[in-house]
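If you want the building blocks of each chain, they are given just below.
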Amino acid sequence: MSETFIGTGYRARILVVDDHPATATTLARAISQLGTNLDVMSATSGMDALEKVEGGSVDVLITDLMMPKMNGLELIERLQAHPVGRPTYTILITAYDVPGLKETARRLKVNETMLKPVHPQQICRAIEKMLETTSRVQEPASVRKSHLFKILIADDSQDNLTLMSRYVQNEGYGFITASNGVETLEKVRSEMPDLVLLDVNMPNKDGFEVLAEIRKDPTVGHIPVIIFTAARLNPMDMQEGLNLGADDYIVKPFDRRELFARIRAKLRVKEAEDIIRKRNRELSILPEIGKELSARFDLNELLSIILRRSVETLGAFGGHVLIVNSKETPLQKSFYVSDGSSQLERQFPRLDAILNHVEETREGLIINDVTRDSKWQRLPGDQTRSVLISPMLGRDQLLGLLVLEHEQTDYFTLEHLILLEAIASQAAIAVENAQLYSSVAKEQQKLAAVLQSAADAILVFNIDGCLSLLNPAAEKLFTDYEAKLGLPLAQGRGYDSLIELLQQALAGGKPITGEFAWPDQRVFTALFTPIEEGGCVVLLHDVSHFKTLEKVKNEFISMAAHDLKNPIGIIMGFIDLMEKVGPLNDAQMGFVQQIHGAAENMNELVQDMLELAKIDMGFEFKQEPLDLNSFVSDMVEGFRPQANAKEQKLLFEKTSDDFIVRGDAVQLKQALSNLINNAIKYTPFNGSIDLSLEMDSDAVLIHVMDTGYGISAQDLPLIFDRHYRSGDERIKEIEGNGLGLAIVKSVIERHNGKITVQSELGKGSCFTITLPRAHLGQLPTDYYHDLSKPDSSNGSLGIRHST
């Protein structure tokens, strides 16, 4: 600052920056009253301030510390490197008297740091002093030695002022004086004394008025005030003074030792209260830092902010952050305070020993002298002398380390460590959130890529059945109708089958599959998967081509099987005639029997192929009442000769219960025949086959249990596949085409039932058919008579028809 500020016509440029517009404007207005040679500007953010100084430098910068996006320290750093020149005088205003803040301010050559609440008069007084002493370079306030307690003596008597000033000075305190009420208030606000000795009778404003205004002002309301007077001696006056907030009331004449004993007591209390206020200001910075961290999800940017705020808050010259829970290589980041000098190229320090120590203890660490502690592995040119380390602890693991450096030994204290651990705790939460956000973002990108590139149509509906997402393949399906997000599919436009299945999935809360025709006659299979938080994902797969191929295949199989029946019949007929036209020797008889067996197997294969073709082609089947008691009993009797030939026990016991189902008797006979036939074939001589019925609330169960060879665990999932044959050596010689169980499964599923199996090698198998039970209300009225006797027309199948 040069002397051209005063009386030369030069207008000093002063910039006031505060993110509260009213505060910035009020303070700028108050400063502008100091003189006409001041050009005072105000800004409401760091970026706004930079724009204001584009045309030229400012002489004085007054800035708040905590501001969004760019705080006061960052603004000071930016302006110090500004091409048009750095501010000559800088005042930093903050509510956070945290350890190290003044040290950081000193590094940035901040001239004065003021703690909130700051009265405009205090700032104006500081600027006046600066203007009055422009010919000398003022030492930064942050590096002055700690001053003595400063006492303001307010008395309208010059003799009293002189006497009290001598007393105060002799006791080792600093002092300032005021001779009237208005001057007292001005000096309280501008000088911020540690204690006020206040006379009551003074001109302009008496002591009680001054006291009332002090206590109303949050900036100075905490300063202790002792009233001393020789005029207002009435107890009511003393009570009034104490009620207004006086800390003590002393009547003149007084004992000097008693007065200073009381002063010392009040100053001890104030010192303790100042420590508490200071600690509160320290803690109050944490929500501000937390708010700044929570607004960022980019991990690199977040780590930069964590480092900068930690270094600035605790007065370090540099800092490092190491993230060790990264899926890739550990993340490392460093930050050093710029002091305007050239910076050496700094390497990231080796923190292995410190990391091992923190992993074991899960506690922070202070290294007072790195030259005497082997945990800090110094690098060439390392200026570090003391180090502060705090772990960043996540929910269940160590995330990393936060490390601060200082060029002085024994700089960091326990107070620094406590505050850094609090910052590290908030930083750990922010880092985990950023990592989670990054992970979710990557997963969303993958999902978006899958949705965009998926050939199958994917539709997502919300809990109300309205569309919330369509992938490109799904959008292409709607050629004659615009499917809009946020709305349900329209009824009566050809999508009713899809809507009906969707409603079933939403109501049931379980995945379901279905098949339906699209308006353009394409056939789709659909998987409806409900979402836990509500809604449903629908995957549509176009199977039109496969349906066409299947139809052609079934027609071919049906035609081929039908055409094969005649030659097979002719072969079997001529085999029977060969025995009648003349005697055959033993060799010829063996050949005939082999031909006959092969023809029977071929005939069975053709019959099975025809049966499967009918089922696949969706031939209509009958829905008639069927009494399983009679049905199974007749089936068992039909297979008894085959079981007797192997000396097997074929068991079934009829009951008096009504095991009634509705279905196609011919198809069910085919299914049950396959099960009984297999049980006999795959059960050795002298084994047993046991059939039984079981009633459930809504179903009837048919159990076919044998003591046969059993089925291996690896074969069980495959036995219902077409043409599947087990590789078990014990059954290789048993004839079979692998279609029997496939027919059983198809028939039972067509009857809305299911087939299950339990088996153990060497102990046998149990196949269970589950069919929906036909309740009496579903049967014809004349069916209710004598359910225990089979109808004469179809008694062998256990069927009864209404006449």
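Residues numbered from 1 in each chain as written. Predicted model: local features only at pLDDT ≥ 70, side-chain atom pairs only at ≥ 80, totals over all residues. Heavy atoms only, no water.

(A) Spotlight on the overall build of the protein chain. Secondary structure summary: the protein chain contains 20 helices and 27 strands in total. Each of the 803 residues in the protein chain was classed as buried or not, and the buried ones make up 44%. Across the protein chain, every contact between residues at least 6 apart in sequence was considered, and the portion connecting residues at least 24 apart equals 63%. Surface accessibility of the protein chain: about 41300 Å² in total, with carbon and sulfur atoms responsible for 52%. (Helix = DSSP H or I, 4+ residues; strand = E, 2+ residues; numbered from the N terminus. Buried < 20%, exposed > 50% of the residue type's maximum accessible area, 1.4 Å probe, protein only. Contact = heavy atoms within 4.5 Å. Areas by Shrake-Rupley, 256 points an atom, 1.4 Å probe, with all protein chains shown as cover.)

(B) Seen up close, the pairing of strand β7 (residues 174-178). Relative to β7, strand β6 (residues 150-154) is paired through five bridges, and the arrangement is parallel. In the strand pairing of β7, Ala 154 is matched with Ala 178. Chirality of the crossover, the property in question, places the unit of β6, helix α6 (residues 158-170) and β7 among those that are right-handed. (Pairing = 2+ DSSP bridges. Right-handed = clockwise from strand over helix to strand, strands pointing away.)

(C) A look at helix α19 (residues 665-681). Between the first and last C-alpha of α19 there are 24 Å, a value that for 17 residues agrees with the 24 Å anticipated at 1.5 Å per step. Its side-chain oxygen at 3.0 Å from the backbone nitrogen of Val 666, Asp 664 defines the N-terminal cap of α19. (Expected span 1.5 Å × (residues − 1). Polar contact = N/O pair within 3.5 Å; in protein donor to acceptor, adjacent residues only side chain to side chain.)

(D) Just the packing of helix α18 (residues 628-645) against α19, in detail. At a closest axis distance of 10 Å, the pairing of α18 and α19 adopts a crossing angle of 40°. Crossing of α18 against α19: the hand is right-handed. Contact with α18, carried on its side by Phe 631, Val 632, Met 635, Phe 639, Gln 642 and Ala 643, involves Ala 665, Leu 668, Lys 669, Leu 672, Ser 673, Ile 676, Asn 677 and Ile 680 of α19 and no other residues of that element. Residues belonging to the contact of α18 with α19 are distributed by class as follows: ten nonpolar, three polar and one charged. (Axes fitted to C-alpha atoms, helices over the stretch in contact; angles between N-to-C directions. Left-handed = near helix turned anticlockwise from the far one by under 90°. Nonpolar A, V, L, I, M, F, W, Y, C, P; charged D, E, K, R; others polar.)

(E) Region of interest: the sheet that holds strand β11 (residues 318-323). Taken in spatial order, the five strands line up as β12-β11-β15-β14-β13 in an open sheet, and their pairing is antiparallel. The sheet is open, and its two edges are formed by β12 (331-336) and β13 (365-367), each paired on a single side. Strand after strand, the sheet turns through a mean of 15° between neighbouring axes, direction not considered. In this structure, β11 lies alongside β12, joined through six bridges in antiparallel fashion. Residue pairing across strands places Gly 318 opposite Tyr 336, the latter belonging to β12. Sheet strands touched by helix α11 (residues 299-314): β11, β12, β14 (386-393) and β15 (398-406). Its angle to β12, the strand with the most contacts, is close to 40°. Contacting β11, β13, β14 and β15, helix α13 (residues 414-453) runs over the sheet at an angle of about 40° to β14.

(F) Main features of helix α7 (residues 181-191). Among the residues making up α7, those that are buried are Gly 181, Thr 184, Leu 185, Val 188, Arg 189, Ser 190 and Glu 191. Where α7 begins, the capping side chain belongs to Asn 180, and its oxygen is found 3.1 Å from the backbone nitrogen of Val 182.

(G) Layout of the sheet that holds β6. Strand order across the open sheet formed by five strands is β7-β6-β8-β9-β10, with parallel pairing between neighbours. Since the sheet does not close on itself, it has two edges, and those belong to β7 and β10 (248-251), each with one partner. Sheet twist, expressed as the mean angle between neighbouring strand axes with direction ignored, is 20°. Contacts from α7 reach β6, β7 and β8 (195-198) within the one sheet, and its direction differs from that of β7 by about 145°. Together, β9 (225-229) and β10 form the strand contacts of helix α9 (residues 235-243), whose direction differs from that of β10 by roughly 150°.

(H) Focus on the packing of α7 against helix α8 (residues 207-216). Their axes nearest at 9 Å, the elements α7 and α8 cross at an angle of 25°. One finds that α7 runs roughly parallel with respect to α8. For α7 against α8, the interelement crossing comes out right-handed. When α7 is examined against α8, the residues Gly 181, Thr 184, Leu 185, Val 188 and Arg 189 are found in contact with a partner set consisting of Val 210, Glu 213 and Ile 214. (Parallel < 35°, antiparallel > 145°, perpendicular 65-115°, else oblique.)

(I) Quick look at the confidence of the model for the protein chain. Averaged over the protein chain, the pLDDT score is 81; the fraction of residues at 70 or greater is 84%. For the stretch residues 135-147, pLDDT sits under 50, and the model shows 15 contacts to residues farther than four places along the chain or on other chains. (pLDDT = per-residue confidence, 0-100.)

(J) Geometry of the packing of aromatic side chains. Under the defined criterion, the tally for this structure stands at twelve aromatic pairs. Ring geometry for Phe 149 and Tyr 173: centres 6.4 Å apart, planes at 65°, overall edge-to-face. With a gap of 24 residues between them, Phe 149 in the loop between α5 (120-132) and β6 and Tyr 173 in the loop between α6 and β7 connect regions that are remote in the sequence. Judged by relative accessible area, which is 27%, Phe 149 ranks as partly exposed. Linked through ring pairs, Phe 478, Tyr 481, Tyr 495, Phe 516, Trp 518 and Phe 524 together constitute an aromatic cluster. Seen from the ring of Tyr 167, Arg 256 lies directly overhead, with NZ or CZ sitting 5.1 Å from the centre. (Phe/Tyr/Trp six-rings, centres within 6.5 Å; stacked < 30°, edge-to-face > 60°. Lys NZ or Arg CZ within 6 Å of the ring centre and 35° of its normal.)

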